[in-house]
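Descriptive structure summary
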Amino acid sequence: MIQIAVFSDVHGNLPALEVVLKDIEQRGISQRFCLGDLVDFAPWGNEVIEKIRSLNIPCLMGNHDERIAFDIPVVPLSKHSEEETTARFIAIDHSKKHITEPNKKFLSGLPFHLKLNYKTGKKHWNIQLVHSSLESNDTYLYESASDEVFTSMLKNADADLIVMGHTHLSFKKQFENNTWAVNCGSVGRSKEENRLASYLILTLDEEKITPEIIQLSYPIDETAHQIRESGIPDYYASFLENENVSIL
């Protein structure tokens, strides 16, 4: 039996990341992978990057990582309200000003995809890791998407299981021949009602893959307080506290 942990979308939330990493360690899981978006929306972007670097955790380049690494202009999104659009511009600008040059260089060198192969007994399992999809790190694929969307991705990747993040909403979808599409949710900016820090454990044996979504409490009140004490808009603190703030 082999176990691996996959997490995504930390978004500068160091307290949430530390809780997740501690839980993974206590479970004795040594294989850890991150699907990207280390920065933006909470004030510990540098600390999160340095934690990932110091632990040598393989990490993909999320769309926010790419934007900060290469100073890509922020474009308003039609799905956002005027309030969220303003907050988003300020929060991303905060990261562009505060993420150090060595950390931006680290983000610029992150891979776009990662393909894993594990052997258990006589069985080889192919696991495809992406931030959001095979073609893009900024595509929103929700559980409500048709099965064909995910089975096509699995076929194109020649994978038994594909793991993604980006939407901040976890799900598991199983298809024929024990193939799976899984979203591991978000560590630091969950859009789920409980706002808990989410990550994924994959258990591999010779017969099957078993995905399990883990959700953990962390000090949200303190995190929200620190957001309010930083130059990041209070909008994101209120969202973490689930105070009738919607982020799409």
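Residues numbered from 1 in each chain as written. Predicted model: local features only at pLDDT ≥ 70, side-chain atom pairs only at ≥ 80, totals over all residues. Heavy atoms only, no water.

Some remarks on the overall build of the chain
When its secondary structure is counted, the chain shows eight helices and nine strands. Here the C-alpha radius of gyration of the chain, 17 Å, is about what a compact globule of 248 residues would show, namely 18 Å. Considering only C-alpha atoms, the chain reaches an extent of 55 × 35 × 35 Å along its principal axes. When the 248 residues of the chain are sorted by exposure, 56% land in the buried category. Partitioning the contacts of the chain with sequence separation of at least 6, the portion at a separation of at least 24 is 66%. Within the structure as shown, the chain displays about 11,000 Å² of accessible surface, and the carbon and sulfur contribution to it stands at 47%. (Helix = DSSP H or I, 4+ residues; strand = E, 2+ residues; numbered from the N terminus. Rg over C-alpha atoms; globule rule 2.2 N^0.38 Å. Buried < 20%, exposed > 50% of the residue type's maximum accessible area, 1.4 Å probe, protein only. Contact = heavy atoms within 4.5 Å. Areas by Shrake-Rupley, 256 points an atom, 1.4 Å probe, with all protein chains shown as cover.)

Some remarks on the UniProt feature "domain: Calcineurin-like phosphoesterase" (unreviewed entry) in the chain
As annotated in UniProt, the feature "domain: Calcineurin-like phosphoesterase" (unreviewed entry) corresponds to residues 3-168 in the numbering used here. Structurally, residues 3-168 comprises 40% helix and 16% strand, and the distance from its first C-alpha atom to its last is 23 Å. (UniProt positions renumbered as here; feature names shortened; annotations may be inferred.)

Observations regarding the environment of L240
With respect to the secondary-structure elements, L240 resides in helix α8 (residues 234-240). A sequence separation of 50 residues divides L240 from S190, and the C-alpha atoms of the two residues are 7.9 Å apart. If we ignore the near neighbours within four places in the chain, the residues touching L240 are N13, G188, R189, R195, Y218, I220, T223 and I227.

Section: the sheet that holds strand β1 (residues 2-7)
The strands making up a sheet associate through backbone hydrogen bonding, with each pair oriented either parallel or antiparallel. Strand order in the open sheet formed by four strands is β2-β1-β8-β9, with mixed pairing between adjacent strands. Each edge of the open sheet carries a strand with a single partner, namely β2 (31-34) and β9 (209-216). Across the sheet, the axes of successive neighbouring strands diverge by a mean angle of 25°, strand direction being ignored. Bridge count between β1 and β2: four bridges; the pairing is parallel. Across the sheet, I4 pairs through a bridge with Q31, a residue of β2. Along the sheet face, helix α1 (residues 14-26) touches β1, β2, β8 (197-204) and β9 and points at about 25° away from the line of β8. (Pairing = 2+ DSSP bridges. Axes fitted to C-alpha atoms, helices over the stretch in contact; angles between N-to-C directions.)

Re the packing of α1 against helix α2 (residues 45-54)
Two packed helices can be described by the angle between their axes and the distance between those axes. Where α1 meets α2, the axes come as close as 9 Å, and the angle between the chain directions of the two elements is 25°. Comparing their axes, α2 and α1 come out roughly parallel. Every residue of α2 that contacts α1 at L14, L17, E18 and L21 is listed here: E47, V48, K51 and I52. Taken together, the residues of the contact of α1 with α2 sort by class into five nonpolar, no polar and three charged. (Parallel < 35°, antiparallel > 145°, perpendicular 65-115°, else oblique. Nonpolar A, V, L, I, M, F, W, Y, C, P; charged D, E, K, R; others polar.)

Observations regarding unusual backbone geometry
Positive phi, normally seen in glycine, also occurs at D71, with a value near 50°. Residue placement: D71 occurs in the loop between α3 (63-70) and α4 (82-98). Even without being glycine, H166 reaches a positive phi, approximately 75°. Tracing the chain through its elements places H166 in the loop between β5 (161-164) and β6 (171-175).

Quick word on helix α7 (residues 220-229)
Along α7, the residues that are buried comprise I220, T223, A224 and I227. Projected down its long axis, α7 carries its buried residues within an arc of 100°, all on one side. Turned more than 90 degrees away from the buried face of α7 sit D221 and E229, all of them exposed. Among the structural elements, α1 and α8 are those in contact with the buried residues of α7. (Arc of directions from axis to C-beta.)

A short note on the pairing of β5
Of the two faces of β5, the one lined by L161 and V163 and the one lined by I162 and M164 are each fully buried. Relative to β5, strand β4 (residues 123-129) is paired through three bridges, and the arrangement is parallel. Counterpart to I127 in the pairing with β5 is L161. Bridge count between β5 and strand β7 (residues 179-183): four bridges; the pairing is parallel. Note on β7: the bridge partner recorded for M164 is N183.

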